[in-house]
Amino acid sequence: MKAAVKWVDNAMFLGESGSGHSVVMDGPEDHGGRNMGVRPMEMLLLGLGGCTSFDVMSILSKQRQQVVDCVAEIEAERADAVPSVFTKIHVKFKVTGKNLKESLVERAVKLSAEKYCSASIMLEQGGVEISHSYVVIEAE
């Protein structure tokens, strides 16, 4: 896996993934940025959310669950000292579908957290306390 990050100006960077997709990262104005892109630490949270959401949706699809929406809300706490690493992260899934079996949603979230989500497991091994929860919502 490869990636490249190119400096644009001040606190703005252009990240390009090995698969050829790009993303703009920028800092806040009080740190020399123009607030025109995602912060790098936000990118870590988005990557974690994408990784675990991919797992959960894949598992639920294989279980033939009729999911119509899945949102992973991620909240994180950071250390006060430099480096300001993540200390706690909570991922809350809101899974909407037709006749979803709550036990299968619970199992999908657990399997992602404990077995499949490389991002979550890597962060946990680095000392971040990660927790998960879910809400099942019946689609209209």
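What you see is a predicted model; the values in this text were computed from it and never measured.

Draft legend 1. The arrangement of the layout of surface pockets in detail. Its volume calculated, the largest pocket comes out at about 330 Å³. Ala3, Glu16, Ser17, Gly18 and Met43 are, among the 15 residues lining the largest pocket, the residues nearest its centre. Mapped by element, the contributors of at least two residues to the lining of the largest pocket are strand E1 (3-9), strand E2 (12-17) and strand E3 (22-25). Residue classes in the lining of the largest pocket are distributed as seven nonpolar, six polar and two charged.

Draft legend 2. Structural view of the pattern of salt bridges. Scanning the model with the defined rule gives two salt bridges in all. Residues Arg34 and Asp9 are paired through a salt bridge, measuring 3.4 Å at the closest nitrogen-oxygen approach. Residue Arg34 is located in the loop between E3 and helix H1 (40-62), and its partner Asp9 is located in strand E1; the two are separated by 25 residues in the primary sequence. Classification of Arg34 as partly exposed rests on a relative accessible area of 40%. Two residues, Glu73 and Lys94, come together in a salt bridge whose shortest N-O distance is 3.2 Å. One end of the pair, Glu73, is in strand E4 (residues 66-78); the other, Lys94, is in strand E5 (residues 86-98), with 21 residues separating them in the sequence. Here Lys94 falls in the partly exposed class, since its relative accessible area comes to 29%.

Draft legend 3. Geometry of the packing of H1 against helix H3 (residues 118-125). Where H1 meets H3, the closest approach of the two axes is 7 Å, and the angle between their N-to-C directions is 125°. When the axes of H1 and H3 are compared, the pair comes out oblique. Between H1 and H3, the residues in contact are Gly47, Leu48 and Cys51 and Ser118, Ala119, Ser120 and Leu123, respectively. Residue composition of the contact of H1 with H3, grouped by class: four nonpolar, three polar and no charged.

Draft legend 4. Geometry of the nonpolar core. Counting 21 residues, the largest nonpolar core has Leu48, Leu60, Ile89, Phe93 and Val95 as the members making the most contacts within it. Contributing elements (two or more residues each) for this core: H1, E5, helix H2 (102-116) and H3. Excluding residues that lie within four positions of it along the chain, Phe93 makes contacts with Thr52, Ser53, Val56, Cys70, Val71, Ala72, Val109, His132, Ser133, Tyr134 and Val135.

Draft legend 5. Up close: the packing of aromatic side chains. Applying the stated criterion to the full structure yields zero aromatic pairs. Above the ring of Phe86, the side-chain terminus of Arg78 is found at 5.7 Å from the ring centroid.

Draft legend 6. Looking closely at unusual backbone geometry. With omega at 5°, the peptide bond leading from Val82 into Pro83 counts as cis. By the secondary structure assignment, Pro83 is in the loop between E4 and E5. If you check the backbone angles, Asn35 has positive phi at about 55° while not being a glycine. Along the chain, Asn35 falls in the loop between E3 and H1. Unusually for a residue other than glycine, Arg64 sits at a positive phi of about 60°. Position of Arg64 among the secondary structure elements: in the loop between H1 and E4.

Draft legend 7. Focus on a negative patch on the surface. Residues Glu75, Glu77, Glu114, Glu124 and Glu129 make up a contiguous surface patch of negative charge. Note that Glu124 resides in helix H3.

Procedures and definitions
- Residues numbered from 1 in each chain as written.
- Predicted model: local features only at pLDDT ≥ 70, side-chain atom pairs only at ≥ 80, totals over all residues.
- Heavy atoms only, no water.
- 1 Å grid on protein atoms, 1.4 Å probe; cavity = no way out; pocket = protein on both sides within 12 Å on 5 of 7 lines; lining within 4 Å.
- Points joined across faces, edges and corners; volume = space filled by probe spheres on them.
- Helix = DSSP H or I, 4+ residues; strand = E, 2+ residues; numbered from the N terminus.
- Nonpolar A, V, L, I, M, F, W, Y, C, P; charged D, E, K, R; others polar.
- Salt bridge = Lys/Arg side-chain N within 4 Å of Asp/Glu carboxyl O.
- Buried < 20%, exposed > 50% of the residue type's maximum accessible area, 1.4 Å probe, protein only.
- Axes fitted to C-alpha atoms, helices over the stretch in contact; angles between N-to-C directions.
- Parallel < 35°, antiparallel > 145°, perpendicular 65-115°, else oblique.
- Contact = heavy atoms within 4.5 Å.
- Core = buried A, V, L, I, M, F, W, Y, C linked by side-chain atoms within 4.5 Å.
- Phe/Tyr/Trp six-rings, centres within 6.5 Å; stacked < 30°, edge-to-face > 60°.
- Lys NZ or Arg CZ within 6 Å of the ring centre and 35° of its normal.
- Patch = residues over 30% accessible without salt bridge, like charges linked within 9 Å, V, L, I, M, F, W, Y side chains within 5 Å.
- Areas by Shrake-Rupley, 256 points an atom, 1.4 Å probe, with all protein chains shown as cover.
- Lys, Arg positive; Asp, Glu negative; His and termini not counted.
- Charge placed at Lys NZ, Arg CZ, Asp CG, Glu CD.

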